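# Observations on the three-dimensional arrangement
Residues per chain are reported as follows:
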Amino acid sequence: MNKYMNEAEKLVQENLIDNSGGPFGAVIVKNGVIIGRGSNHVIKNNDPTAHAEIEAIRDACKNIKSYDLTGCSIYTTCYPCPMCLSAIIWSNMKKVYYGNTKEDAASIGFRDEFIYDYIDKLSKGIDDGTLKIKNIDRNKTIKEFDEYMDKEDKIIY
């Protein structure tokens, strides 16, 4: 077994013992060194965003004191859900190594496929009633965007 995936798997074993969340673990590696670790803490933290990949990203960013994980790779025990894929992209990682498939996750009761299907429907203009999204008050909220655009000391990430 890959040594980094082995570390992610150890995190899963801890979760299976203490029921912190689902059977998911992830580590982030830069230059051959693990800089971030995370396991699913949805139940422990009462936080639906506390997936293993998100927790590993938070840990890595804290450890290197940066929001930018360029040059890093993530090793995760399962194919990342849409939220985690987005976070991986936003963090600038370019490599994801995963163990279990999204079909494996579905077979044990995780509903990621529902979100993939929803995103696909949205891209085709299909509203299936899952989520209502409505644009309101843009004339007010755009003012802060304009202010941000004019800031000379802004940091684009």
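Residues numbered from 1 in each chain as written. Predicted model: local features only at pLDDT ≥ 70, side-chain atom pairs only at ≥ 80, totals over all residues. Heavy atoms only, no water.

## Regarding the overall build of the protein chain
Here is the rule we go by: What counts as a helix is a DSSP run of H or I of at least four residues, what counts as a strand is a run of E of at least two, and both are numbered from the N terminus. Note on exposure labels: buried denotes an accessible area under 20% of the residue type's maximum, exposed denotes more than 50%, and partly exposed covers the range between, all computed with a 1.4 Å probe on protein chains only. Contact criterion: two residues are considered in contact whenever any of their non-hydrogen atoms come within 4.5 Å of each other. For accessible areas, the Shrake-Rupley method is used with a probe of radius 1.4 Å. Any residue's cover is judged against the shown protein chains and nothing else.
A count of helical and extended segments in the protein chain gives 7 helices and 4 strands. Listing the helices and strands of the protein chain from first to last along the sequence gives α-β-β-α-α-β-α-β-α-α-α. Seen through its C-alpha atoms, the protein chain measures out along the principal axes to roughly 55 × 40 × 30 Å. With 157 residues in all, the protein chain has 33% of them scored as buried. For the protein chain, the proportion of contacts with a sequence separation of at least 24, taken over those separated by at least 6, is 47%. By element, 55% of the accessible surface of the protein chain is carried by carbon and sulfur atoms, the whole surface being about 10600 Å².

## Let's talk about a nonpolar patch on the surface
To be explicit about the condition: Any residue with relative accessible area above 30% and no salt bridge may belong to a patch, with like charges joined within 9 Å and the nonpolar Val, Leu, Ile, Met, Phe, Trp and Tyr side chains within 5 Å. Should a side-chain nitrogen of Lys or Arg be within 4 Å of a carboxyl oxygen of Asp or Glu, the pair is scored as a salt bridge.
A surface patch of nonpolar side chains, amounting to about 650 Å² of accessible area, comprises Tyr67, Tyr148, Ile155, Ile156 and Tyr157. Within the element layout of this structure, Tyr67 appears in the loop between α3 (52-64) and β3 (72-78).

## Structural notes on the layout of surface pockets
Note the threshold: Definitions used throughout: a 1 Å grid over protein atoms alone; a cavity as a set of points that fits a 1.4 Å probe which cannot get out; a pocket as an open set with protein on both sides within 12 Å along at least five of seven lines; a lining residue as one with an atom within 4 Å of a point. Grid points are joined across faces, edges and corners, and a volume is the space filled by probe spheres set on the points. Amino acids outside the nonpolar list (Ala, Val, Leu, Ile, Met, Phe, Trp, Tyr, Cys, Pro) and the charged list (Asp, Glu, Lys, Arg) are all regarded as polar, and Gly is one of them.
Here the largest pocket is characterised by a volume of approximately 550 Å³. Contributing to the lining of the largest pocket are 24 residues, with Pro48, His51, Cys81, Phe110 and Asp112 lying nearest its centre. Sorting the residues of the lining of the largest pocket by element identifies α2 (42-45), α3, α4 (82-90) and α6 (112-123) as the ones contributing at least two each. Across the lining of the largest pocket, the residue classes tally to 16 nonpolar, 5 polar and 3 charged.

## Brief notes about α4
Among the residues of α4, those classed as buried are Pro82, Cys84, Ala87 and Ile88. Residues of α4 that are buried make contact with α3, β3, β4 (95-100) and α6. Looking one or two residues past α4, Asn92 carries a phi angle of roughly 75 degrees, positive in sign.

## Some thoughts on the side chain of Ser20
The topology assignment puts Ser20 in the loop between α1 (3-18) and β1 (25-30). Taking the relative accessible area as the measure of exposure, Ser20 reaches 4% and is therefore buried. Beyond its immediate chain neighbours, meaning those up to four positions away, Ser20 contacts Asn15, Asn40, His41, Val42, Ile43 and Lys44.

## Side note on the pattern of salt bridges
Inspection of the entire model under this criterion finds 10 salt bridges. Between Glu7 and Lys10 there is a salt bridge whose closest N-O contact spans 3.1 Å. On the criterion of helical spacing, the pair formed by Glu7 and Lys10 is a turn pair, its members being 3 residues apart in helix α1. When its relative accessible area of 21% is taken as the criterion, Glu7 is described as partly exposed. Lys62 is the salt-bridge partner of Asp59, the closest N and O atoms lying 3.8 Å from each other. Here Asp59 and its partner Lys62 are both found in helix α3, 3 residues apart, which amounts to about one turn of the helix. Assessed through its relative accessible area of 57%, Lys62 is described here as exposed.

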